[in-house]
Amino acid sequence: MEHEAHAHHRSAHDHATHHGHESDAAHEGHGGRQGHAPGKVSWSMAAKATLHCLTGCAIGEVLGMIIGTALGWGNAPTMVLAIALAFFFGYSLTLWAVTRAGLSLKAAIGVALAADTLSIAVMEIVDNGVLLLVPGAMDAHLSDALFWGALAFAFLIAFLITTPVNKWMIGRGKGHAVVHQYHH
């Protein structure tokens, strides 16, 4: 199966090259793959995909922490809510983008799940792991500089670790590669 996919990828690449289209844009859309050979994805493209993910995660996490704090919840339920909302908002940004490009909601959900699941999961594991390791961060209040500083630090570390993951996925026609074919 992998051999067939690789052969299709190579034939799509050869087809595009045969017609003299060497730009990245010419490679998009072949069987839902971007057509990039591994290692050909720019760090800029990976960083943009990661920032997209980080935006949704940040909105969801901060909102979850605000809600959990307002309701007087402890750290564990607040963190669960924040992570759930991070996934919700992470997926929502992709759904909004691809439905705007004309995809049906059902198809858009498939694209969002394929594009964002690993990226959001890595980001949430790293981000929450860092918050757990920063002394006092879990007990800091929303009004404390430690809270916001630890959160910014956690997001920075998560961004630095998730960007290479996104670069690797996009280079294999996965992750945000499936979203890019709808951005014109």
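Before reading further, recall that the structure is shown in the block above.
Summary of the structure given here. Computed from a predicted structure; not experimentally measured.

Details of the nonpolar core
For step 1, the next point in the chain: Of all hydrophobic cores here, the largest spans 26 residues; its most connected members are C57, M65, M123, L131 and L151.
For step 2, the next point in the chain: Listed by contribution, the elements that provide at least two residues to this core are helix 3 (43–70), helix 4 (75–100), helix 5 (105–133) and helix 6 (145–171).
For step 3, the next point in the chain: Setting aside anything within four residues of it in sequence, one finds M65 in contact with T78, A82, L131, L142, F147 and L151.
For step 4, the next point in the chain: By size, the runner-up hydrophobic cluster in this structure holds seven residues, among which are V98, L103, V111 and V178.

Details of the packing of helix 5 against helix 6
For step 1, the next point in the chain: Close contact between helix 5 and helix 6 brings their axes to 8 Å; oriented N to C, the two are set at 145°. In the packing of helix 5 onto helix 6, the handedness of the crossing is right-handed.
For step 2, the next point in the chain: Its residues placed into classes, the contact of helix 5 with helix 6 shows 18 nonpolar, three polar and one charged.

Here we look at the environment of F159
For step 1, the next point in the chain: Secondary-structure assignment places F159 in helix 6.
For step 2, the next point in the chain: Given the relative accessible area of 18%, F159 is considered buried.
For step 3, the next point in the chain: With 108 residues separating them in the primary sequence, F159 and L51 have C-alpha atoms 7.4 Å apart.
For step 4, the next point in the chain: In this view, F159 contacts A47, T50, L51, L54 and M123; residues no more than four positions away in its chain are not counted.

Definitions and limits used
All residue numbers refer to position in the chain's written sequence, counted from 1. Where totals are concerned, whole chains, interfaces and linings use all residues; where local detail is concerned, this predicted model gives features only for residues with pLDDT of at least 70, and gives and counts side-chain atom pairs only at 80 or more. Hydrogen atoms and water are omitted, and side-chain values are computed over all heavy atoms in the structure. We define a nonpolar core as any set of buried Ala, Val, Leu, Ile, Met, Phe, Trp, Tyr and Cys residues linked to one another through side-chain atoms lying within 4.5 Å. Three labels apply to residues, based on accessible area from a 1.4 Å probe with only protein chains included: buried if under 20% of the type maximum, exposed if over 50%, partly exposed otherwise in between. By definition, any uninterrupted DSSP run of H or I lasting at least four residues is a helix, any uninterrupted run of E lasting at least two residues is a strand, and each is numbered from the N terminus. By definition in these notes, contact holds between two residues if any of their heavy atoms fall within 4.5 Å. Simply put, an axis is a line fit to the C-alpha atoms, just over the touching stretch for a helix, and the angle between two N-to-C directions goes from 0 to 180 degrees. Crossing handedness is read from the near helix: turned anticlockwise from the far helix by less than a right angle, it gives a left-handed crossing, and turned clockwise, a right-handed one. Throughout, the ten residues Ala, Val, Leu, Ile, Met, Phe, Trp, Tyr, Cys and Pro are labelled nonpolar, Asp, Glu, Lys and Arg are labelled charged, and all others, Gly among them, are labelled polar.

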